[in-house]
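# Descriptive analysis of the structure
Next come the chains, spelled out residue by residue.
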Amino acid sequence: MNAGNDGRLDAETLAARQREAGSKLRVFFSEETGSTNADAAAMLAAGTPPGDFAVVAGRQTAGRGRLGRKWESAREGNLYLSCAFRPNVRPERLANLTLWFGVAVAEMLREKFGVPAFVKWPNDIFCLGKKTAGMLAEARVDASRVRGVVFGIGLNVNLDPAELPGALRDSAASMRSVLGLSAPLDANRVGAETLAALERAYEDFLAGTHEEKLAARWDAFDFLAGKRVRAVYGNEEITGTVRGIDTGGRIRIEDASGTLRAFSAGDVLLKKDFF
């Protein structure tokens, strides 16, 4: 499980691990970049390369999260990865794609590495109650068709939470810290298994089977299930208990009157964060 290169990503080892994991995506690797999502989106817009591909980096200097937020990127030993797909489907097909990809990654982390991963709606992966990964999906729509989708993930593989700014130290975790390992994990293997999991999930998406599979698996990976939360969407706010998601991937929250409300976007805070 451990690597001889202190767990750091490198192109040659990543390619070897891809072959072992069954990943076939063409990878463009760099030790450092501004944003893998931005790089992948620019390549899609330029029309090169043809087909689907991925951009992988060992370090980001301008990583982005949802709503334009900054993603803190440690200097080495973690994974910053964006897959670029050209699905040519209608935009409504993308409604629950991020959740489906999130479940695919969380399931892989459990099965391949023994990491107790859950998906926190709408785009985070949590382990032992702490954020371990952030996800961001962006689409290029032309004439009511999706011409390109970029799905990015920043995954804390070997991060020492003590290295983060003070406000994040108690809320972040890495695969290594969750597993309590003294030696680093091989980020190349983690990257290859992540690519393979996303490729399989994308095949399900194209086949139209992902919605049924998401409905069947969501409860096992829902970090917020049954928890008291406050949801904020624009000027709308609701406090209540999470009751899963609907078929469109919207989070369902039961308010004090027993009424179920569904939100397609917004911020969801746990009770401990607002009381």
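Residues numbered from 1 in each chain as written. Predicted model: local features only at pLDDT ≥ 70, side-chain atom pairs only at ≥ 80, totals over all residues. Heavy atoms only, no water.

### Digging into the pairing of strand 7 (residues 145–155)
Walk down a regular strand and you will see the side chains alternate between the two sheet faces. Strand 7 sits mainly inside the fold: nine of its eleven residues count as buried. Relative to strand 7, strand 3 (residues 79–85) runs antiparallel, the two being bridged by seven bridges. Within strand 7, the position partnered with Ser 82 by the bridge is Gly 152. Connecting the antiparallel pair strand 6 (residues 130–142) and strand 7 is a turn made up of two residues, with Ala 143 showing a positive phi of about 55°. (Buried < 20%, exposed > 50% of the residue type's maximum accessible area, 1.4 Å probe, protein only. Helix = DSSP H or I, 4+ residues; strand = E, 2+ residues; numbered from the N terminus. Pairing = 2+ DSSP bridges.)

### Some words on the packing of aromatic side chains
The description of an aromatic ring pair uses the distance of the two centres, along with the angle that the planes make with each other. Applying the stated criterion to the full structure yields seven aromatic pairs. Centroid distance Phe 28 to Phe 53: 5.9 Å. Interplanar angle 90°. Geometry classified as edge-to-face. In this pair, Phe 28 sits in strand 1 (residues 26–30) while Phe 53 sits in strand 2 (residues 53–57), placing the two residues 25 residues apart along the sequence. Through pairs of rings, three or more aromatic residues link up here, namely Phe 85, Phe 101, Phe 151, Tyr 202 and Phe 205. The ring centre of Phe 205 lies 4.7 Å from the NZ or CZ of Arg 93, which sits over that ring. The ring of Phe 118 has Arg 110 lying over it, and the distance from NZ or CZ to the ring centre is 4.6 Å. (Phe/Tyr/Trp six-rings, centres within 6.5 Å; stacked < 30°, edge-to-face > 60°. Lys NZ or Arg CZ within 6 Å of the ring centre and 35° of its normal.)

### Quick notes on the pattern of salt bridges
Using the criterion set out here, one finds nine salt bridges in the structure. The partner of Glu 92 in a salt bridge is Arg 90, and the shortest N-O contact between them spans 2.8 Å. Three or more residues are tied together by salt bridges with common partners; here these are Arg 17, Glu 20 and Asp 186. (Salt bridge = Lys/Arg side-chain N within 4 Å of Asp/Glu carboxyl O.)

### Digging into unusual backbone geometry
The peptide bond linking Thr 48 to Pro 49 adopts the cis configuration, its omega dihedral lying at -5°. Here Pro 49 is to be found in the loop between helix 2 (36–46) and strand 2. Geometrically, the link from Trp 121 to Pro 122 is a cis peptide bond, its omega value of 5° lying close to zero. Inspection of the secondary structure puts Pro 122 in the loop between strand 4 (117–120) and strand 5 (124–127). Despite not being glycine, Ala 143 shows a phi value in the positive range, around 55°. Within the secondary structure, Ala 143 is located in the loop between strand 6 and strand 7. Even without a glycine there, the phi angle at Ser 144 is positive, about 65°. Positionally, Ser 144 belongs in the loop between strand 6 and strand 7.

### Let's talk about the sheet that holds strand 11 (residues 260–263)
Across a sheet, strands are paired by hydrogen bonds formed along the backbone, either parallel or antiparallel in direction. Spatially, 11-10-9-8-12 is the arrangement adopted by the five strands of the open sheet, whose pairing is antiparallel. The open sheet terminates on both sides in strands that have one partner only, identified here as strand 11 and strand 12 (267–270). Taken over all neighbouring pairs, the strand axes of this sheet differ in orientation by 45° on average, direction set aside. Taken together, the six bridges between strand 8 (residues 228–233) and strand 9 (residues 236–245) define a ladder with antiparallel strand orientation. Bridging across to strand 9, Ala 231 finds its partner in Ile 238. (Axes fitted to C-alpha atoms, helices over the stretch in contact; angles between N-to-C directions.)

### Digging into the sheet that holds strand 5
The mixed open sheet is built from seven strands, whose spatial order is 1-2-3-7-6-5-4. Looking at strand neighbours, the two that pair on one side only are strand 1 and strand 4, the edges of this open sheet. Ignoring which end each strand starts from, the neighbouring axes of this sheet average 20° apart. With four bridges joining them, strand 4 and strand 5 adopt antiparallel strand pairing.

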